[in-house]
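Chain and residue survey
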Amino acid sequence: MTVVRISDDALALACGADAVAEAFAKAGCTVERVSSWGMHWLEPLVEVDGLGFGPATPVDVAAILAGSSAKAIGPIADHPFIARQQRLTFARAGRTRPLSLDDYAATGGWAGLDRARRMPAADVVAEIMGSGLRGRGGAGFPAGIKWRTVAEAPGARKYVVCNADEGDSGTFADRMLMEGDPFALLEGMAICAHAVGASRGYIYVRSEYPHAIAKLNAAIGLAAARLAPFVVEVRVGAGAYVCGEETSLLNSIEGKRGEVRAKPPLPALEGLFGCPTVVNNVLTLAAVPHILHEGGASLYDSLGVARSKGTMPIQIAGNVKRGGLFETAFGITLGELVNDIAGGTASGRPVKAVQVGGPLGAYLHPDQFGLPFDYETYAAADALVGHGGIVVFDDSADMGAMARFAFQFCAAESCGKCTPCRIGAVRGAELIDAIRSGSPRGPDAVERAPQMHNAPKAGRTRAEQLGLLEDLCDTMQSASLCALGGFTPYPVRSALKHWPEDFGDGL
Amino acid sequence: MTTGPRLDEILAAHAGRDGALLPILHDVQAAFGCVDAGAEAEVAKALNLSRAEVHGVVSFYHDFTPSPDPRPEVQICRAEACQARGVEALVLAAEAAAGSRVRLKTVYCLGLCSVGPSARVGDTLHARLDEAALVALVRGA
Ligand SMILES: Cc1cc2nc3c(=O)[nH]c(=O)nc-3n(C[C@H](O)[C@H](O)[C@H](O)COP(=O)(O)O)c2cc1C
Ligand code: SF4
Ligand code: FES
């Protein structure tokens, strides 16, 4: 009987994978539901004997089985999009059934955990340190240093918390990993627990990811004996972007408002329920099992550039011909990603801007396509690698509107704890409206109040309003408690810098 | 009325759990379509919290609503990647199709950013939406 492999990843489902799977089953095939290869423009992608066909619809079934389908892409593993990658964290993508313990064990699963548990905890921490692994959630903090801090912190109770709140637009690697290779995440958490002396873990998943939540719960049930004495539980977010910030996330698990906590104390010392806690991103923890393989740490350290070691699962999204998951060693240029790998825009129009690193990341201009993907180079260019999402816009994008959206998003998602963010984001959106409307603005009711001595009583010119916007950005950048308020000025300032013509007349 | 035996069951199911408030609120929202003042008071009593504390949490999160809205809901992603793929041009048509019968909710990212514009109805996801597909989705909701 013909075995047909079709992904059951949420994205494949959204593109109609279930109907295609049903049609193959009706045609008498055995259908295996596997993880997604990450070639999203080809989903639903059908695999028969290693050969790929996509994007498939139920109508294509007969031709695919007859070997005459025009949707044939040849051997999937040889497709340039896959062949050009270096997949470590996503080594199983497309190749295994997500909830099959047999598939997992047959592809090297549990080897890292078994080896780690034979080692003293401190040696495990040392291997993570030596691999150069940095946090993939956004800040790029060295994972080994965080683990060591928790391991050395006094306390009988410690926690491992996995940050699976993945709220950044343009990112989906956490989702793909949780849905496609959930045991790898659990194994990484169990290794971390052994290394730091924790016995309990939580995975905080955003409520927008029902499929990932279901897969994780099923995987925890299947792997509980393997993970023991470590116990893991899934907690579901409630639609707040800011709960991806680690201290807000901890408050949320504790059953509180998702307000950001002031640091210190570091969560590593006083985290969940006041206990020492590792908070790591899904991709950080899922990289741990292969790093703990014999020789895995030095392999990881040998990849990448300067202080950005190993591989990054880059997520190519927005207006692109070929979107999807592209895991590669650090150092690849933005131009290569956008032009060669993604094939330019889906609309066929010229690329205007690329936002890297989510809603808090800068908009990069095609003039900056030479930038190599690494934390320090991006930081030096006032840009953000973040969680590795890149969102491409064609020349129909209105960058003034995108700058306004950055403020609007910050206003909608602010936790409200600090003034620069809570008030500043609202003021920023108003200010951009005023600038774009082009007319000089008279004083508003607050500015006319007698106690507002410093507010100008005459109208503001455009130059003055732009000055005000700069002031506001400075204030938010330097005085916000967390990166939501602190980084919102990056997309705003980069849009204004590269595309001033999108901010109305007079510039 | 959102109190009664069903709420008691939810509270009992989470008894003794660390940080039980969010899981309880999710269950209450799913069972009653909202977390209203009556439910807040019961939850507060069960967890030995003040009503203000519970209300603070309920009102913080987008997923919890203070009163039920029985209309079907269609969530449309309007975050950056879906904007880059043209979602804003579909919104007026979706609103017209929704009228007052369907509740349209803006969400920021469903993790389908390479195949947007995307939408969610219940736990079913939809991608590669054009105007006709989105309008059909709203009409069928
Ligand atoms: C507003 C905001 C949202 C964040 N969202 C996420 C997120 O969704 N996932 C994540 O892993 N980290 C997120 N972070 C970063 C976390 O605070 C934290 O740095 C990270 O979870 C640490 O894990 P890592 O070292 O493995 O990256 C966010 C930070 C901020 C300020
Ligand atoms: S910057 Fe915004 S989200 Fe962060 S703590 Fe301040 S108010 Fe909260
Ligand atoms: S931005 Fe719309 S699904 Fe991610």
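Residues numbered from 1 in each chain as written. Chains lettered and ligands numbered in written order. Predicted model: local features only at pLDDT ≥ 70, side-chain atom pairs only at ≥ 80, totals over all residues. Heavy atoms only, no water.

1. Some thoughts on the interface of chain A and chain B
Size of an interface: often given as the accessible area lost when the parts come together. In this complex, chain A contributes 66 residues to the contact, which on the side of chain B involves 36 residues. When chain A packs against chain B, close to 3,600 Å² is buried across both sides, 56% of that on carbon and sulfur atoms. Our count for the chain A to chain B interface comes out at 1 salt bridge. In this structure, the salt-bridge partner of Glu233(A) is Arg17(B), at a minimum N-O distance of 2.6 Å. Counting the contacts that link chain A with chain B gives 26 residue pairs in polar contact (both at pLDDT 80 or more). For the side of chain A that touches chain B, the secondary structure elements donating two or more residues are α1 (10–14), β7 (200–205), α11 (210–227), β8 (231–236), α12 (246–253), β12 (311–318), β16 (389–394) and α17 (399–413) of chain A. (Contact = heavy atoms within 4.5 Å. Buried area = accessible area lost by both parts, 1.4 Å probe. Salt bridge = Lys/Arg side-chain N within 4 Å of Asp/Glu carboxyl O. Polar contact = N/O pair within 3.5 Å; in protein donor to acceptor, adjacent residues only side chain to side chain. Helix = DSSP H or I, 4+ residues; strand = E, 2+ residues; numbered from the N terminus.)

2. Some points on empty space enclosed by the protein
Residues and elements named next belong to chain A. Applying the stated criterion across every chain, the model contains 5 cavities of 30 Å³ or more. If you add up the space inside the largest cavity, you get close to 90 Å³. Forming the boundary of the largest cavity are 13 residues, of which Val260, Cys415, Cys418, Cys421 and Cys482 lie nearest the centre. Each residue belonging to the lining of the largest cavity can be placed in one class, and the counts come to 8 nonpolar, 4 polar and 1 charged. (1 Å grid on protein atoms, 1.4 Å probe; cavity = no way out; pocket = protein on both sides within 12 Å on 5 of 7 lines; lining within 4 Å. Points joined across faces, edges and corners; volume = space filled by probe spheres on them. Nonpolar A, V, L, I, M, F, W, Y, C, P; charged D, E, K, R; others polar.)

3. Considering the site of ligand 1
Residues and elements named next belong to chain A. Close contacts around ligand 1 come from 19 residues, with Gly137, Asn163, Asn280, Asn281 and Thr284 the closest. Contact between ligand 1 and Gly137: an oxygen atom at 2.7 Å from a main-chain N or O atom of the residue. One of the backbone N or O atoms of Glu166 is found 3.1 Å from an oxygen atom in ligand 1. Contact with the protein chains hides 91% of the accessible area of ligand 1, taken as 610 Å² for the molecule alone. Sorting the residues of the shell around ligand 1 by element identifies β9 (277–281) and α22 (483–487) as the ones contributing at least two each. Here the shell around ligand 1 takes 3 residues from β9, the largest share from any one element. Class assignment for the residues of the shell around ligand 1 results in 4 nonpolar, 9 polar and 6 charged. (Near = heavy atom within 4 Å. Areas by Shrake-Rupley, 256 points an atom, 1.4 Å probe, with all protein chains shown as cover.)

4. Some details on the pattern of salt bridges
In this structure the tally under the stated criterion is 39 salt bridges over all chains. Arg436(A) is paired through a salt bridge with Asp398(A); the nearest N and O atoms lie 3.0 Å apart. With Arg436(A) in helix α19 (residues 424–437) and Asp398(A) in the loop between β16 and α17, this residue pair connects regions lying 38 residues apart in the sequence. The class of Arg436(A) is partly exposed, set by a relative accessible area of 29%. Judged by relative accessible area, which is 30%, Asp398(A) ranks as partly exposed. As a salt-bridge pair, Arg460(A) and Glu447(A) come within 2.4 Å of each other at their nearest N and O atoms. Taken together, the residues Arg460(A) in the loop between α20 (445–448) and α21 (462–479) and Glu447(A) in helix α20 connect sequence positions 13 residues apart. Judged by its relative accessible area of 11%, Arg460(A) falls in the buried class. Via salt bridges that share partners, Arg200(A), Glu233(A), Arg235(A) and Arg17(B) belong to a single interconnected network. (Buried < 20%, exposed > 50% of the residue type's maximum accessible area, 1.4 Å probe, protein only.)

5. Re the packing of aromatic side chains
Inspection of every chain in the model, using the stated rule, returns 17 aromatic pairs over all chains. Taking the centre distance of 6.0 Å and the plane angle of 55° together, the rings of Tyr159(A) and Phe273(A) count as tilted. Of the two residues, Tyr159(A) sits in strand β6 (residues 159–164) while Phe273(A) sits in the loop between α12 and β9, which places them 114 residues apart along the sequence. Over the face of the ring belonging to Tyr209(A) we find Arg206(A), whose NZ or CZ atom lies 4.9 Å from the ring centre. The positively charged end of Arg6(B) is found above the aromatic ring belonging to Phe32(B), 5.6 Å away from the centroid. (Phe/Tyr/Trp six-rings, centres within 6.5 Å; stacked < 30°, edge-to-face > 60°. Lys NZ or Arg CZ within 6 Å of the ring centre and 35° of its normal.)

6. What to know about the site of ligand 2
Residue and element names in this part refer to chain A. Near ligand 2 lie 13 residues; those nearest to it are Cys415, Cys418, Cys421, Cys482 and Gly485. Among the cavities detected, the one that contains ligand 2 is the largest cavity. Here the residues of the shell around ligand 2 sort into 8 nonpolar, 4 polar and 1 charged. (Sits in = over half its atoms within 2 Å of the grid points.)

7. A few points about a nonpolar patch on the surface
A contiguous nonpolar patch, built from Met129(A), Phe141(A) and Ile145(A) and spanning about 240 Å² of accessible area, is present on the exposed surface. With respect to the helices and strands, Ile145(A) occurs in helix α8 (residues 143–152). (Patch = residues over 30% accessible without salt bridge, like charges linked within 9 Å, V, L, I, M, F, W, Y side chains within 5 Å.)

8. A few points about the domain arrangement of chain B
In terms of domains, chain B is made up of domain 1 (5–60) and domain 2 (73–140). The gap between the C-alpha centroids of domain 1 of chain B and domain 2 of chain B is 31 Å. (Domains from an automatic or database assignment.)

9. Examining the environment of Ala153(A)
Summarising the element assignment, Ala153(A) is placed in the loop between α8 and β6. Beyond its immediate sequence surroundings of up to four residues, Ala153(A) is in contact with Lys158(A), Ala268(A), Leu269(A) and Pro276(A).

10. So, the sheet that holds strand β2 (residues 103–107) of chain B
Sheet strands line up and pair through hydrogen bonds in the backbone, either parallel or antiparallel. Residue and element names in this part refer to chain B. The 4 strands are arranged β2-β1-β3-β4 in an open sheet whose pairing can be described as mixed. Each of the sheet's edge strands pairs with one partner strand only, and the pair in question is β2 and β4 (124–126). Each strand of the sheet is rotated relative to its neighbour by a mean of 25°, with strand direction disregarded. Sheet analysis places strand β1 (residues 73–77) next to β2, joined by 5 bridges and oriented parallel. From the neighbouring strand, Ile76 faces β2, where its bridge partner is Thr106. (Pairing = 2+ DSSP bridges. Axes fitted to C-alpha atoms, helices over the stretch in contact; angles between N-to-C directions.)

11. Thoughts on unusual backbone geometry
Residue and element names in this part refer to chain A. Here Glu43 and Pro44 are connected by a cis peptide whose omega angle stands at -5°. Looking at the secondary structure, you find Pro44 in the loop between β2 (30–34) and β3 (46–48). Residue Pro264 is joined to Pro265 through a cis peptide bond whose omega torsion reads 0°. With respect to the helices and strands, the residue Pro265 is situated in the loop between α12 and β9.

12. Concerning the sheet that holds β3(A)
Residue and element names in this part refer to chain A. Read across the sheet, 5 strands follow the order β2-β1-β3-β4-β5 without closing on themselves; strand pairing throughout is mixed. A single partner strand is all that each edge strand has here, and the edge strands are β2 and β5 (72–75). Between one strand axis and the next, the sheet turns by 25° as a mean value, whatever way the strands run.

13. Remarks on the domain arrangement of chain A
Residues and elements named next belong to chain A. Each assigned domain of chain A is listed with its residue range as follows: domain 1 (3–83), domain 2 (101–302), domain 3 (304–394) and domain 4 (399–503). On a C-alpha basis, the centres of domain 2 and domain 3 stand 25 Å from each other. Taken residue by residue, the interface counts 23 residues in domain 2 and 25 residues in domain 3. Interface area, domain 2 with domain 3, both sides summed: about 1,700 Å², of which 57% is carbon and sulfur. Area buried by domain 2 at its contact with domain 3 is led by Arg134, Arg136 and Phe172, which between them contribute 32% of it. Viewed at the interface, domain 3 and domain 2 are joined by 2 salt bridges. Where domain 2 packs against domain 3, one counts 14 residue pairs in polar contact (both at pLDDT 80 or more). Residue composition of the side of domain 2 that touches domain 3, by class: 6 nonpolar, 11 polar and 6 charged.

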